[in-house]
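Structure assessment
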Amino acid sequence: MTDYHFVYKDVEGASTQWDDIQRKLGNLPKKPPAFKPPPFAPAPDPDSLSKDKAWLDSRNEDELEDLENDLDDDRFLEEYKKKRLAEMKEAAKVLRFGSVVPISGSDFVREVSQAPSDVWVVVILYKDGIAECGVLMQCIEELATRYPATKFVKIISTDCIPNYPDRNLPTILVYNNGAVKGNYVGMHSFGRRCTPEGVALILCQSDPVLNDGQNRNEQSREAVIEGVRRKFIEKVVVDHEDRDDDGSSSD
């Protein structure tokens, strides 16, 4: 005779044939589902996360170079990496000046006439021992620091133009795309009081000579010119207040 009460174990746990029959007849409730542990999910690996545009924008040049060894042949990532490296190199190239570079007569064509068409070159002709040259040179050195995308060079006057009269010093020549765009002879060209702001305004009268390198379009250059005007006005106001303070203190 069959033993319907024989206990066995199936995938859902312990049971008997009798219990199974009763469940089919509806006399017993269905067995509760067997316990199943949740599927194993390892912690996400940072290197395996999706590398979108925001992630790439936050990388520096060295980190982008390291990606070359880690990335698979993903066309988008490879092209984007090249684009970002090119942008970084271009930005570094724009800010390649930042000081007044001394040149000789033999350097003039290479450094000035053959400068790239998008670079404005400011040339100061001077001689040591002339006080006016020293005053203007201080202004030019400050402007070179403020506007590192504009090229500033200095050359002894007679090395540039033989027999150039000392009475014309200091002289500033402005070049762009191989042509002279401005010519300022003598200290009187820059007003009674020679300041970096005043010199900047003179240089920008007709052309956007000064470039801070933040953006190379015309809109940015107009912003630079407007900034020069604002600094000039601030300088005038501060000087006026200082004179008023000195006058009140002497009374």
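Before going into details, it helps to say that this report is about the structure given with it.

Thresholds, definitions, all that
Residues numbered from 1 in each chain as written. Predicted model: local features only at pLDDT ≥ 70, side-chain atom pairs only at ≥ 80, totals over all residues. Heavy atoms only, no water. Buried < 20%, exposed > 50% of the residue type's maximum accessible area, 1.4 Å probe, protein only. Helix = DSSP H or I, 4+ residues; strand = E, 2+ residues; numbered from the N terminus. Pairing = 2+ DSSP bridges. Phe/Tyr/Trp six-rings, centres within 6.5 Å; stacked < 30°, edge-to-face > 60°.

**Considering the pairing of strand S6 (residues 171-176)**
A large share of S6 lies buried, amounting to six of its six residues. In this structure, strand S4 (residues 120-126) lies alongside S6, joined through six bridges in antiparallel fashion. Among the inter-strand pairings, valine 122 is bridged to a residue of S6, identified as valine 174. Summarising the sheet, S6 and strand S7 (residues 179-185) pair through six bridges and their orientation is antiparallel. Across the sheet, residue leucine 173 finds its bridge partner in S7, namely asparagine 183. With antiparallel pairing between neighbouring strands as the criterion, S6 and S7 make up a hairpin whose turn holds two residues, including asparagine 177 at a positive phi of roughly 55 degrees.

**Remarks on the packing of aromatic side chains**
In the structure shown here, the tally under the stated rule is two aromatic pairs. Here the aromatic rings of phenylalanine 108 and tyrosine 175 are separated by 5.6 Å at their centres, their planes lie at 75 degrees, and the arrangement is edge-to-face. With phenylalanine 108 in helix H5 (residues 108-113) and tyrosine 175 in strand S6, this pair connects stretches of sequence that are 67 residues apart. This pair shows no difference in class: phenylalanine 108 is buried, exactly as tyrosine 175 is. When the centroid spacing of 6.0 Å and the interplanar angle of 45 degrees are considered together, the rings of tyrosine 184 and phenylalanine 190 count as tilted. Judged by relative accessible area, tyrosine 184 falls into the buried class, the value being 13%.

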